[in-house]
Amino acid sequence: MQCSSYWFCPDVWTAVILLILCRFRGCVSHLKINKYYTIKSEMAKDFPTRAENYAQWYNDLVIKADMAENSAVRGCMVIKPYGYAIWEKMQAALDKMFKDTGHVNAYFPIFIPKSFFSKEASHVEGFAKECAVVTHYRLKNDPDGKGVVVDENAKLEEELIVRPTSETIIWDTYRNWIQSYRDLPLLINQWANVVRWEMRTRLFLRTAEFLWQEGHTAHATAEEAIAETEQMLNVYADFAENFMAVPVLKGVKSPNERFAGAVETYCIEALMQDGKALQAGTSHFLGQNFAKAFDVQFLSKENKLEYVWATSWGVSTRLMGALIMAHSDDHGLVLPPKLAPTQVVIIPIYKTNEQLAAITEKVDIIVKNLKAKGITVKYDDRDTYKPGWKFNEYEFKGVPVRLAIGPRDLENGTVEVSRRDTLEKSSFQIADIETKIEHLLQSIQDNLFQKAVDFRENMTTKADTWEEFVDLLDNKGGFILAHWDGTPETEQEIKEKTKATIRLIPLDARPEEGRCILTGKPSSRRVVFARAY
RNA sequence: CGGGAUGUAGCGCAGCCCGGUAGCGCGCUUCGUUCGGGACGAAGAGGCCGCAGGUUCGAAUCCUGUCAUCCCGACCA
């Protein structure tokens, strides 16, 4: 078959994807200005401050820091090398944590037979409206002119769904893998892309296609499955706090916000600088819902046939959005050292080739010693850009530490050290610099986390009356701790009135008698409300 | 699906009302001077003006159609 169109190269078959229905997404809400915003720098050319326009600031940052861009396909992004390098660091850290907790990786197909979807009722309901569907497997030359058209003769017997998540195909597969309690637990993770046909998209935060990992485990008992669900939630929280330097709240979702098909959804929730919450990871206890839907049973030690207990858990490239919004400032991206593709950049300042050679000689030693400590370092000796240009470039890209070495430093045996988080500059003696840098990186990591913790504490407020609640939402934002009568109807009504949702019911919530913020009915503990991404 | 707007160089835009064959800034190329926070000068390269019709001697500009994108709204893992 010939293909005259350069953008499409069908060799054996090609999928045609139909969009099933559109779903409206709530509009991005307003921004709040708070004291954590800094004054605009003249150096960040054409780059809005967070206070001016938070949404624009985020969009520009992602693009100008060269992390991602929009693609020819609406709603889908191209993750550029710098952005992908950060994602790879995240993957590496998470993957190790998964392996350390006994999980193994596997890969399941991107296409799911349509019939699989209808086997778990609430699961279908949750995802049906945002599924892309493959209906045909071949193109042909347009008989009337140029280009190609769908070959109507190549219609699939059964349509295929492009996975929005993989529970169905995985459980259909697990049925054949599990017969006995000896086959359990089954602890599998996969790194994959998924597609959820979103109407309103934003780079990293909500895209039609995104990258993620999804863990799917099978257990002999409910207790064990719940323990797994909680363990993975803790892994996520650990990762968020120790690698991303983003503090998170841990809790369970209200029924309204629960994953389609789950018995209980646990989540970690982070707070962004504009006072909006961002769900950063979820871990689901699926009960026996999928086991029953896909008939996955095992013989127990007692020789009884039982349905297995399941969990699933995932984090996605949305974490990139969380990372960006948590730390970055009006000068650009700020990266925690543990996730920065380049932790230290070294810039030579010179006029003559002789000076450059002398600097390079010193730098080579520093590079070698930093690398020996496991620090990723880049010596940018390009002569096609000036030092000032490079300073701005790396500052905007969030490189945690910058070293500059010029003729003056050579004379004094010093290096200019500049840290991205505080923008402070100081002069270090070159001797034993690698140890100082090592400590500096740790202190940047710690400082970013502490700043984020302080911010969250300042932005977490109790509300005891409806007026207080609304006032906080409109004028302060952040997490609001309030009483709720526990009914979905009340949550729905609050959402309709304020656009705020229950982000989670804290795992460590202390019992506290109170009255529901909306209905005045009795409540036994506070839950966390916020407007969210 | 309703309401509004926009498609002109890689990016951001002007030109359109009042038709005469396209311009500005950034970026890019070359040369020279520069180089401790985005350098300066000079010389260059780059555009079926979203697409298809129509009006006209002549269309980026006027008319019709069409496609695409963005924003706003009917409310959702």
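Residues numbered from 1 in each chain as written. Chains lettered and ligands numbered in written order. Predicted model: local features only at pLDDT ≥ 70, side-chain atom pairs only at ≥ 80, totals over all residues. Heavy atoms only, no water.

### Side note on the sheet that holds strand S22 (residues 425-429)
Strands in a sheet are paired, the pairing made by backbone hydrogen bonds, and the direction either parallel or antiparallel.
Item 1. As summarised here, the arrangement of the five strands in space is S19-S18-S20-S21-S22, forming an open sheet in which the pairing is mixed. Each edge of the sheet is formed by a strand with only one pairing partner; in this case those strands are strand S19 (377-379) and S22. Each strand of the sheet is rotated relative to its neighbour by a mean of 25°, with strand direction disregarded.
Item 2. Pairing of strand S21 (residues 414-419) with S22 involves five bridges; the strand directions are antiparallel. Bridging across to S22, Glu 416 finds its partner in Ser 427.
Item 3. Against the sheet, helix H9 (residues 353-372) touches strand S18 (344-348), S19, strand S20 (401-405) and S21, its axis set at about 170° to S19.
Item 4. Taken strand by strand, helix H12 (residues 433-458) contacts S18, S20, S21 and S22, and its axis lies near 10° from that of S21. (Pairing = 2+ DSSP bridges. Helix = DSSP H or I, 4+ residues; strand = E, 2+ residues; numbered from the N terminus. Axes fitted to C-alpha atoms, helices over the stretch in contact; angles between N-to-C directions. Contact = heavy atoms within 4.5 Å.)

### Some thoughts on the state of the cysteines
As used in these notes, a disulfide is a covalent bond between sulfur atoms, one from each of two cysteines.
Item 1. The final tally for this structure, using the stated rule, is zero disulfides.
Item 2. Considering cysteine sulfurs only, Cys 131 is the nearest to Cys 76, which forms no disulfide, with 14 Å between them.
Item 3. Judged by relative accessible area, Cys 131 falls into the buried class, the value being 4%. (Disulfide = S-S within 2.5 Å. Buried < 20%, exposed > 50% of the residue type's maximum accessible area, 1.4 Å probe, protein only.)

### Let's talk about the side chain of Arg 420
Item 1. Relative to the assigned elements, Arg 420 resides in the loop between S21 and S22.
Item 2. In terms of polar contacts, Arg 420 uses its side chain to reach the backbone carbonyl oxygen of Leu 333, at 3.2 Å.
Item 3. Once residues lying within four places of it in the same chain are set aside, the contact partners of Arg 420 are Asp 329, His 331, Gly 332, Leu 333, Val 334, Glu 395, Gly 398, Val 399 and Pro 400. (Polar contact = N/O pair within 3.5 Å; in protein donor to acceptor, adjacent residues only side chain to side chain.)

### Quick notes on the packing of helix H1 (residues 54-64) against helix H8 (residues 318-327)
Item 1. Between H1 and H8, whose axes approach to 11 Å, the crossing angle comes to 115°. The crossing of H1 and H8 is right-handed. On H8, the residues that touch Tyr 54, Trp 57, Tyr 58, Leu 61 and Val 62 of H1 are Gly 321, Ile 324 and Met 325. (Left-handed = near helix turned anticlockwise from the far one by under 90°.)

### Looking at the packing of helix H2 (residues 81-100) against helix H6 (residues 222-242)
Item 1. The N-to-C vectors of H2 and H6 enclose an angle of 145°; their axes lie 11 Å apart at closest approach. The crossing of H2 and H6 is right-handed. Within the contact between the two elements, H2 uses Met 90, Ala 93, Leu 94, Met 97 and Phe 98 and H6 uses Met 232, Val 235, Tyr 236, Asp 238 and Phe 239.

### A short note on the domain arrangement of chain A
Item 1. Structurally, chain A comprises domain 1 (47-107 + 164-327), domain 2 (337-453) and domain 3 (460-530).
Item 2. Between domain 1 and domain 2, the C-alpha centre-to-centre distance is 35 Å.
Item 3. Across the contact, 20 residues belong to domain 1 and twelve residues belong to domain 2.
Item 4. Considering only the side of domain 1, the residues that lose the most area to domain 2 are Tyr 82, Lys 89 and Phe 243, jointly responsible for 37% of the buried surface there.
Item 5. The tally of links between domain 1 and domain 2 comes to zero salt bridges.
Item 6. Our count for the contact surface shared by domain 1 and domain 2 stands at four residue pairs in polar contact (both at pLDDT 80 or more).
Item 7. Among the secondary structure elements, those contributing two or more residues to the side of domain 1 that touches domain 2 are H1, H2, H6 and H8.
Item 8. Top contributing element to the side of domain 1 that touches domain 2 by residue count: H2, with five residues.
Item 9. For the side of domain 1 that touches domain 2, a count of residues per class yields 14 nonpolar, two polar and four charged. (Domains from an automatic or database assignment. Buried area = accessible area lost by both parts, 1.4 Å probe. Salt bridge = Lys/Arg side-chain N within 4 Å of Asp/Glu carboxyl O. Nonpolar A, V, L, I, M, F, W, Y, C, P; charged D, E, K, R; others polar.)

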